[in-house]
Amino acid sequence: MRLNYLFFHSEDLEKIVASLKGLKPKFKKFKRTEILASNHAVMGKYRNVGFVVSKEDLSIPCECLGKFTVELSTADDTFEIFKYGRYKLEDEVLKIDAKFSEELFYDYLPALLIEIITIRTLINECNLIAEKLSDEEKAIILRISKLSQIAKSSSDISELEEILSEITSYHTDFFNKFVKFKDVNEELFSAVTRIRNIGRELSLNLVEYRDAIDRLRYFESKFEQTLIGIRDLYTLISIRLDALRNREYLELLRRTSSLQAAAAVIEFVAVFYYTLKIWDYFMPIDKLPEFATFGLLTVFTALIVLYTEALSEIIRNRKVSKKFVVLTVLLTIVVGLMIATPSLGAL
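Keep in mind that what you see is a predicted model, and the values were worked out from it rather than measured.

> Please clarify how the pattern of salt bridges should be interpreted in this entry.
Summed over the entire model, instances satisfying the criterion amount to 14 salt bridges. When the shortest N-O distance is used, the salt bridge between Lys31 and Glu201 registers 3.0 Å. On the criterion of sequence distance, the pair formed by Lys31 in the loop between strand S2 (24-29) and strand S3 (34-38) and Glu201 in helix H3 (residues 157-202) is long-range, its members being 170 residues apart. For Lys31, a relative accessible area of 58% translates into the label exposed.

> What is the right way to look at the packing of helix H2 (residues 102-153) against H3 in this model?
A pair of packed helices is captured by two measures, namely the crossing angle of their axes and the spacing between those axes. Packing of H2 against H3 leaves a shortest axis separation of 8 Å and a crossing angle of 160 degrees. It follows from the interaxial angle that H2 and H3 lie roughly antiparallel. Pair H2 / H3 crosses with left-handed handedness. A breakdown of the residues in the contact of H2 with H3 according to their chemical character gives 30 nonpolar, two polar and 13 charged.

> Explanation requested: the environment of Leu147 in the structure shown.
Tracing the backbone through its elements, the reader meets Leu147 in helix H2. Overall, the relative accessible area of 1% leaves Leu147 in the buried class. Leu147 sits 13 residues away from Leu160 along the chain, and the two C-alpha atoms are 9.3 Å apart. Not counting the four nearest positions on each side in its chain, Leu147 is found in contact with Ile163, Glu166, Ile167 and Tyr170.

> Looking at this structure, I do not really get the environment of Glu115. What am I missing?
Its place among the elements puts Glu115 in helix H2. By relative accessible area, Glu115 is classed as buried at 1%. Residues Glu115 and Leu188 lie 73 residues apart in sequence; the distance between their C-alpha atoms is 9.6 Å. Those residues in contact with Glu115 that sit more than four places away from it in its chain are Tyr46, Arg47, Ala191, Arg194, Ile195 and Ile198. A distance of 2.5 Å separates polar atoms of two side chains, one belonging to Glu115 and the other to Tyr46. Separated by 2.7 Å, the side chains of Glu115 and Arg194 make a polar contact.

> What's the story with the state of the cysteines in this structure? I'm lost.
What is meant by a disulfide is a covalent connection between two cysteines, made through their sulfur atoms. Applying the stated rule across the entire model yields zero disulfides. Looking at the unpaired Cys62, the closest cysteine sulfur is the one in Cys64, lying at 7.9 Å. On the basis of relative accessible area, Cys62 is assigned to the buried category, the value being 17%. Exposure remark for Cys64: the relative accessible area of 33% places this residue in the partly exposed category.

> How do you make sense of the packing of aromatic side chains when you look at a structure like this?
Each aromatic ring pair is summarised here by two numbers: the centre-to-centre distance and the angle between the ring planes. According to the stated counting rule, one finds 11 aromatic pairs in the structure shown. Seen in terms of ring centroids, Phe178 and Phe223 are 6.5 Å apart; in terms of plane orientation they differ by 85 degrees. Their pairing is edge-to-face. Of this pair, Phe178 sits in helix H3 while Phe223 is found in helix H4 (residues 210-282), placing the two residues 45 residues apart along the sequence. Summarising the burial analysis for this pair, Phe178 and Phe223 share the class buried. Here a set of aromatic residues connected by ring pairs shows up, and it is made of Phe174, Phe178, Phe181, Tyr218, Phe219 and Phe223. Here Arg217 stacks its cationic end above the ring of Phe189, 4.1 Å away from the centre of that ring.

Scoring rules and cut-offs
Residues numbered from 1 in each chain as written. Predicted model: local features only at pLDDT ≥ 70, side-chain atom pairs only at ≥ 80, totals over all residues. Heavy atoms only, no water. Salt bridge = Lys/Arg side-chain N within 4 Å of Asp/Glu carboxyl O. Helix = DSSP H or I, 4+ residues; strand = E, 2+ residues; numbered from the N terminus. Buried < 20%, exposed > 50% of the residue type's maximum accessible area, 1.4 Å probe, protein only. Axes fitted to C-alpha atoms, helices over the stretch in contact; angles between N-to-C directions. Parallel < 35°, antiparallel > 145°, perpendicular 65-115°, else oblique. Left-handed = near helix turned anticlockwise from the far one by under 90°. Nonpolar A, V, L, I, M, F, W, Y, C, P; charged D, E, K, R; others polar. Contact = heavy atoms within 4.5 Å. Polar contact = N/O pair within 3.5 Å; in protein donor to acceptor, adjacent residues only side chain to side chain. Disulfide = S-S within 2.5 Å. Phe/Tyr/Trp six-rings, centres within 6.5 Å; stacked < 30°, edge-to-face > 60°. Lys NZ or Arg CZ within 6 Å of the ring centre and 35° of its normal.

Interpretation note: all reported values are geometric properties and have no functional meaning in isolation.
Rendered as C-alpha coordinates:
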(Lines give C-alpha, C1' and ligand atoms only; values in the text may rest on other atoms or scores of the structure.)
Protein backbone atom coordinates (compact mmCIF):
# COMPACT_ATOMS: atom_id res chain seq x y z
CA MET A 1 0.00 0.00 0.00
CA ARG A 2 1.18 3.52 -0.86
CA LEU A 3 0.09 6.67 0.94
CA ASN A 4 0.78 10.10 -0.52
CA TYR A 5 1.43 12.93 1.94
CA LEU A 6 0.94 16.45 0.62
CA PHE A 7 1.69 19.56 2.72
CA PHE A 8 0.51 23.17 2.42
CA HIS A 9 0.04 26.38 4.45
CA SER A 10 -2.74 26.06 7.03
CA GLU A 11 -4.44 29.27 5.78
CA ASP A 12 -5.24 27.36 2.56
CA LEU A 13 -7.33 24.74 4.36
CA GLU A 14 -10.66 26.04 3.01
CA LYS A 15 -9.36 25.98 -0.58
CA ILE A 16 -8.20 22.39 -0.11
CA VAL A 17 -11.56 21.30 1.33
CA ALA A 18 -13.36 22.92 -1.61
CA SER A 19 -11.05 21.24 -4.16
CA LEU A 20 -11.18 17.75 -2.59
CA LYS A 21 -14.88 17.04 -2.98
CA GLY A 22 -16.35 14.35 -0.78
CA LEU A 23 -14.37 15.17 2.39
CA LYS A 24 -16.55 15.12 5.49
CA PRO A 25 -15.76 17.03 8.69
CA LYS A 26 -14.22 14.78 11.30
CA PHE A 27 -12.32 16.12 14.26
CA LYS A 28 -9.83 13.99 16.12
CA LYS A 29 -6.92 15.26 18.16
CA PHE A 30 -3.70 13.32 18.46
CA LYS A 31 -0.62 14.23 20.49
CA ARG A 32 0.80 16.49 17.75
CA THR A 33 -1.74 16.74 14.96
CA GLU A 34 -5.44 17.44 14.52
CA ILE A 35 -7.57 15.57 11.97
CA LEU A 36 -10.14 17.92 10.44
CA ALA A 37 -11.82 15.90 7.68
CA SER A 38 -11.75 12.45 6.09
CA ASN A 39 -13.36 10.16 3.51
CA HIS A 40 -11.35 9.16 0.46
CA ALA A 41 -8.50 11.17 2.00
CA VAL A 42 -7.57 12.41 5.46
CA MET A 43 -6.90 16.10 6.04
CA GLY A 44 -5.25 17.48 9.17
CA LYS A 45 -3.02 20.14 10.64
CA TYR A 46 0.33 20.21 12.43
CA ARG A 47 1.44 23.57 13.85
CA ASN A 48 0.90 26.06 10.98
CA VAL A 49 1.05 23.43 8.20
CA GLY A 50 -1.86 21.49 6.77
CA PHE A 51 -1.57 18.01 5.29
CA VAL A 52 -3.57 15.56 3.21
CA VAL A 53 -3.02 11.80 3.26
CA SER A 54 -4.40 9.86 0.32
CA LYS A 55 -3.87 6.66 -1.63
CA GLU A 56 -4.31 8.74 -4.79
CA ASP A 57 -1.82 11.22 -6.20
CA LEU A 58 -3.57 14.55 -5.49
CA SER A 59 -3.03 18.10 -6.74
CA ILE A 60 -4.09 21.23 -4.88
CA PRO A 61 -5.01 24.77 -6.05
CA CYS A 62 -2.37 26.51 -3.91
CA GLU A 63 1.30 26.40 -3.01
CA CYS A 64 2.53 22.93 -2.13
CA LEU A 65 5.22 22.92 0.57
CA GLY A 66 6.29 19.37 -0.15
CA LYS A 67 5.30 15.80 -0.91
CA PHE A 68 6.27 12.44 0.53
CA THR A 69 5.30 8.90 -0.34
CA VAL A 70 5.00 6.31 2.41
CA GLU A 71 5.09 2.68 1.33
CA LEU A 72 4.03 -0.28 3.44
CA SER A 73 6.54 -2.90 2.28
CA THR A 74 8.55 -5.86 3.45
CA ALA A 75 11.81 -4.99 5.16
CA ASP A 76 15.24 -6.03 3.95
CA ASP A 77 18.73 -5.70 5.45
CA THR A 78 18.86 -1.93 4.72
CA PHE A 79 15.85 -1.19 6.94
CA GLU A 80 16.37 0.16 10.45
CA ILE A 81 14.36 -0.62 13.58
CA PHE A 82 11.96 1.89 15.13
CA LYS A 83 9.09 1.81 17.61
CA TYR A 84 6.45 0.36 15.24
CA GLY A 85 8.65 -1.95 13.17
CA ARG A 86 11.30 -1.20 10.53
CA TYR A 87 11.82 1.73 8.16
CA LYS A 88 13.96 3.17 5.37
CA LEU A 89 13.99 6.79 4.15
CA GLU A 90 15.08 7.43 0.55
CA ASP A 91 14.73 11.05 -0.56
CA GLU A 92 10.95 11.63 -0.79
CA VAL A 93 9.96 7.99 -0.12
CA LEU A 94 9.61 6.49 3.34
CA LYS A 95 9.36 2.71 3.35
CA ILE A 96 7.83 1.11 6.44
CA ASP A 97 7.42 -2.49 7.48
CA ALA A 98 4.75 -2.17 10.16
CA LYS A 99 1.06 -2.64 10.82
CA PHE A 100 -1.20 0.29 9.98
CA SER A 101 -1.77 2.59 12.96
CA GLU A 102 -3.61 5.93 13.00
CA GLU A 103 -1.22 7.18 15.65
CA LEU A 104 1.73 6.43 13.38
CA PHE A 105 0.31 7.48 10.00
CA TYR A 106 -1.84 10.44 11.04
CA ASP A 107 0.15 11.81 13.98
CA TYR A 108 3.84 10.91 14.08
CA LEU A 109 4.52 10.69 10.35
CA PRO A 110 2.87 14.01 9.35
CA ALA A 111 4.73 15.79 12.16
CA LEU A 112 8.02 14.08 11.25
CA LEU A 113 7.73 14.73 7.50
CA ILE A 114 6.68 18.36 8.01
CA GLU A 115 9.69 18.96 10.24
CA ILE A 116 11.97 17.40 7.59
CA ILE A 117 10.51 19.75 4.95
CA THR A 118 10.82 22.72 7.33
CA ILE A 119 14.45 21.92 8.12
CA ARG A 120 15.38 21.49 4.45
CA THR A 121 13.67 24.78 3.56
CA LEU A 122 15.30 26.69 6.40
CA ILE A 123 18.76 25.26 5.67
CA ASN A 124 18.46 26.40 2.04
CA GLU A 125 17.26 29.85 3.12
CA CYS A 126 20.04 30.19 5.72
CA ASN A 127 22.68 29.16 3.19
CA LEU A 128 21.45 31.72 0.67
CA ILE A 129 21.48 34.49 3.28
CA ALA A 130 24.89 33.39 4.56
CA GLU A 131 26.41 33.45 1.06
CA LYS A 132 25.00 36.90 0.36
CA LEU A 133 26.16 38.21 3.73
CA SER A 134 29.63 36.73 3.21
CA ASP A 135 30.00 38.62 -0.08
CA GLU A 136 28.88 41.86 1.57
CA GLU A 137 31.13 41.17 4.54
CA LYS A 138 34.22 40.99 2.31
CA ALA A 139 33.40 44.35 0.71
CA ILE A 140 32.68 45.94 4.10
CA ILE A 141 35.94 44.66 5.63
CA LEU A 142 37.95 46.12 2.73
CA ARG A 143 36.22 49.48 3.03
CA ILE A 144 36.46 49.53 6.84
CA SER A 145 40.19 48.78 6.63
CA LYS A 146 40.69 51.77 4.32
CA LEU A 147 38.65 54.01 6.62
CA SER A 148 40.72 52.80 9.57
CA GLN A 149 43.96 53.83 7.83
CA ILE A 150 42.53 57.24 6.92
CA ALA A 151 41.32 57.79 10.48
CA LYS A 152 44.74 56.95 11.96
CA SER A 153 46.50 59.68 10.00
CA SER A 154 43.74 62.30 10.06
CA SER A 155 43.29 65.11 12.58
CA ASP A 156 40.49 66.77 10.65
CA ILE A 157 37.31 66.70 12.75
CA SER A 158 35.02 67.01 9.71
CA GLU A 159 36.74 64.12 7.96
CA LEU A 160 36.53 61.91 11.06
CA GLU A 161 32.83 62.75 11.46
CA GLU A 162 32.22 61.65 7.85
CA ILE A 163 34.12 58.41 8.52
CA LEU A 164 32.00 57.75 11.62
CA SER A 165 28.82 58.36 9.63
CA GLU A 166 29.92 55.90 6.94
CA ILE A 167 30.88 53.26 9.55
CA THR A 168 27.48 53.68 11.22
CA SER A 169 25.75 53.15 7.89
CA TYR A 170 27.72 49.94 7.23
CA HIS A 171 27.06 48.64 10.74
CA THR A 172 23.31 49.35 10.64
CA ASP A 173 22.81 47.74 7.23
CA PHE A 174 24.89 44.65 8.04
CA PHE A 175 23.32 44.30 11.49
CA ASN A 176 19.76 44.34 10.08
CA LYS A 177 20.63 41.59 7.59
CA PHE A 178 22.42 39.61 10.30
CA VAL A 179 19.34 39.77 12.54
CA LYS A 180 17.25 38.27 9.75
CA PHE A 181 19.85 35.51 9.28
CA LYS A 182 19.87 34.83 13.02
CA ASP A 183 16.06 34.68 13.18
CA VAL A 184 15.97 32.05 10.42
CA ASN A 185 18.75 30.18 12.23
CA GLU A 186 16.72 30.14 15.43
CA GLU A 187 13.73 28.74 13.53
CA LEU A 188 15.98 26.03 12.12
CA PHE A 189 17.42 25.10 15.53
CA SER A 190 13.87 24.92 16.96
CA ALA A 191 12.78 22.62 14.12
CA VAL A 192 15.82 20.38 14.70
CA THR A 193 14.97 20.19 18.41
CA ARG A 194 11.38 19.18 17.59
CA ILE A 195 12.39 16.49 15.11
CA ARG A 196 14.88 15.08 17.59
CA ASN A 197 12.08 14.79 20.17
CA ILE A 198 9.88 12.99 17.64
CA GLY A 199 12.81 10.74 16.71
CA ARG A 200 13.41 9.81 20.34
CA GLU A 201 9.75 8.88 20.82
CA LEU A 202 9.81 6.71 17.69
CA SER A 203 13.31 5.34 18.37
CA LEU A 204 14.34 6.61 14.93
CA ASN A 205 17.94 6.98 13.84
CA LEU A 206 17.39 10.39 12.22
CA VAL A 207 19.92 12.42 10.32
CA GLU A 208 21.06 15.03 12.80
CA TYR A 209 21.82 17.77 10.21
CA ARG A 210 24.94 18.36 12.29
CA ASP A 211 27.17 19.44 9.41
CA ALA A 212 24.66 21.98 8.13
CA ILE A 213 24.03 23.39 11.60
CA ASP A 214 27.76 23.58 12.41
CA ARG A 215 28.32 25.46 9.14
CA LEU A 216 25.55 27.94 9.96
CA ARG A 217 26.86 28.39 13.51
CA TYR A 218 30.28 29.16 12.01
CA PHE A 219 28.75 31.85 9.78
CA GLU A 220 26.79 33.29 12.71
CA SER A 221 29.94 33.53 14.83
CA LYS A 222 31.91 35.04 11.93
CA PHE A 223 29.27 37.70 11.25
CA GLU A 224 29.11 38.57 14.97
CA GLN A 225 32.89 39.06 15.03
CA THR A 226 32.63 41.37 12.02
CA LEU A 227 29.97 43.45 13.76
CA ILE A 228 32.12 43.61 16.91
CA GLY A 229 35.10 44.74 14.81
CA ILE A 230 33.02 47.52 13.21
CA ARG A 231 31.77 48.63 16.65
CA ASP A 232 35.32 48.63 18.05
CA LEU A 233 36.57 50.78 15.17
CA TYR A 234 33.64 53.15 15.69
CA THR A 235 34.51 53.40 19.38
CA LEU A 236 38.20 54.10 18.69
CA ILE A 237 37.45 56.82 16.15
CA SER A 238 34.85 58.32 18.50
CA ILE A 239 37.47 58.52 21.27
CA ARG A 240 39.94 60.13 18.88
CA LEU A 241 37.28 62.57 17.68
CA ASP A 242 36.32 63.46 21.27
CA ALA A 243 39.98 64.11 22.09
CA LEU A 244 40.33 66.43 19.08
CA ARG A 245 37.10 68.21 19.98
CA ASN A 246 38.26 68.65 23.60
CA ARG A 247 41.58 70.04 22.41
CA GLU A 248 39.77 72.45 20.12
CA TYR A 249 37.38 73.40 22.92
CA LEU A 250 40.25 74.09 25.33
CA GLU A 251 41.95 76.24 22.71
CA LEU A 252 38.69 78.11 22.22
CA LEU A 253 38.40 78.57 25.98
CA ARG A 254 41.94 80.00 26.12
CA ARG A 255 41.14 82.41 23.33
CA THR A 256 37.85 83.35 24.96
CA SER A 257 39.59 83.95 28.28
CA SER A 258 42.12 86.22 26.58
CA LEU A 259 39.34 88.14 24.86
CA GLN A 260 37.38 88.40 28.10
CA ALA A 261 40.46 89.72 29.91
CA ALA A 262 41.07 92.27 27.14
CA ALA A 263 37.41 93.28 27.20
CA ALA A 264 37.57 93.75 30.97
CA VAL A 265 40.64 95.99 30.66
CA ILE A 266 39.01 98.04 27.89
CA GLU A 267 35.81 98.31 29.93
CA PHE A 268 37.78 99.42 32.98
CA VAL A 269 39.70 102.09 31.06
CA ALA A 270 36.56 103.36 29.33
CA VAL A 271 34.57 103.62 32.57
CA PHE A 272 37.54 105.26 34.33
CA TYR A 273 37.99 107.85 31.59
CA TYR A 274 34.32 108.79 31.16
CA THR A 275 33.72 108.85 34.92
CA LEU A 276 36.67 111.24 35.31
CA LYS A 277 35.28 113.57 32.63
CA ILE A 278 31.76 113.52 34.05
CA TRP A 279 33.01 114.02 37.60
CA ASP A 280 35.25 116.89 36.53
CA TYR A 281 32.33 118.49 34.65
CA PHE A 282 29.98 118.52 37.61
CA MET A 283 32.42 118.82 40.55
CA PRO A 284 35.52 120.98 41.16
CA ILE A 285 38.03 118.14 41.52
CA ASP A 286 41.08 120.16 40.52
CA LYS A 287 41.68 121.08 44.16
CA LEU A 288 41.52 117.45 45.36
CA PRO A 289 44.75 115.54 45.97
CA GLU A 290 45.60 113.39 42.97
CA PHE A 291 45.83 110.20 45.03
CA ALA A 292 42.28 110.77 46.37
CA THR A 293 40.89 111.39 42.90
CA PHE A 294 42.69 108.37 41.46
CA GLY A 295 41.70 106.15 44.38
CA LEU A 296 38.01 107.03 44.25
CA LEU A 297 37.91 106.64 40.46
CA THR A 298 39.68 103.28 40.63
CA VAL A 299 37.33 101.94 43.31
CA PHE A 300 34.26 103.28 41.47
CA THR A 301 35.36 101.79 38.14
CA ALA A 302 36.12 98.39 39.68
CA LEU A 303 32.72 98.36 41.41
CA ILE A 304 30.96 99.26 38.13
CA VAL A 305 32.65 96.36 36.31
CA LEU A 306 31.72 93.91 39.10
CA TYR A 307 28.23 95.43 39.31
CA THR A 308 27.68 94.73 35.59
CA GLU A 309 28.56 91.06 36.12
CA ALA A 310 26.24 90.82 39.15
CA LEU A 311 23.41 92.41 37.19
CA SER A 312 23.83 89.87 34.35
CA GLU A 313 23.65 87.04 36.92
CA ILE A 314 20.33 88.43 38.20
CA ILE A 315 18.92 88.52 34.66
CA ARG A 316 20.17 84.97 34.01
CA ASN A 317 19.07 83.42 37.31
CA ARG A 318 16.06 85.69 37.93
CA LYS A 319 17.12 86.03 41.54
CA VAL A 320 18.75 88.88 43.50
CA SER A 321 22.05 87.68 44.91
CA LYS A 322 23.90 88.73 48.06
CA LYS A 323 26.79 89.88 45.89
CA PHE A 324 24.50 92.33 44.06
CA VAL A 325 23.23 93.83 47.34
CA VAL A 326 26.76 94.27 48.73
CA LEU A 327 27.99 95.89 45.52
CA THR A 328 24.98 98.20 45.48
CA VAL A 329 25.75 99.38 49.01
CA LEU A 330 29.47 99.87 48.26
CA LEU A 331 28.70 101.68 45.00
CA THR A 332 26.30 104.01 46.83
CA ILE A 333 28.96 104.81 49.44
CA VAL A 334 31.61 105.51 46.81
CA VAL A 335 29.26 107.73 44.78
CA GLY A 336 28.45 109.59 47.99
CA LEU A 337 32.17 110.11 48.67
CA MET A 338 32.70 111.31 45.10
CA ILE A 339 29.97 113.90 45.59
CA ALA A 340 31.07 115.00 49.06
CA THR A 341 34.87 115.03 48.65
CA PRO A 342 35.12 117.90 46.10
CA SER A 343 32.87 120.07 48.28
CA LEU A 344 35.08 119.42 51.32
CA GLY A 345 38.20 120.14 49.26
CA ALA A 346 36.84 123.53 48.19
CA LEU A 347 36.40 124.70 51.83
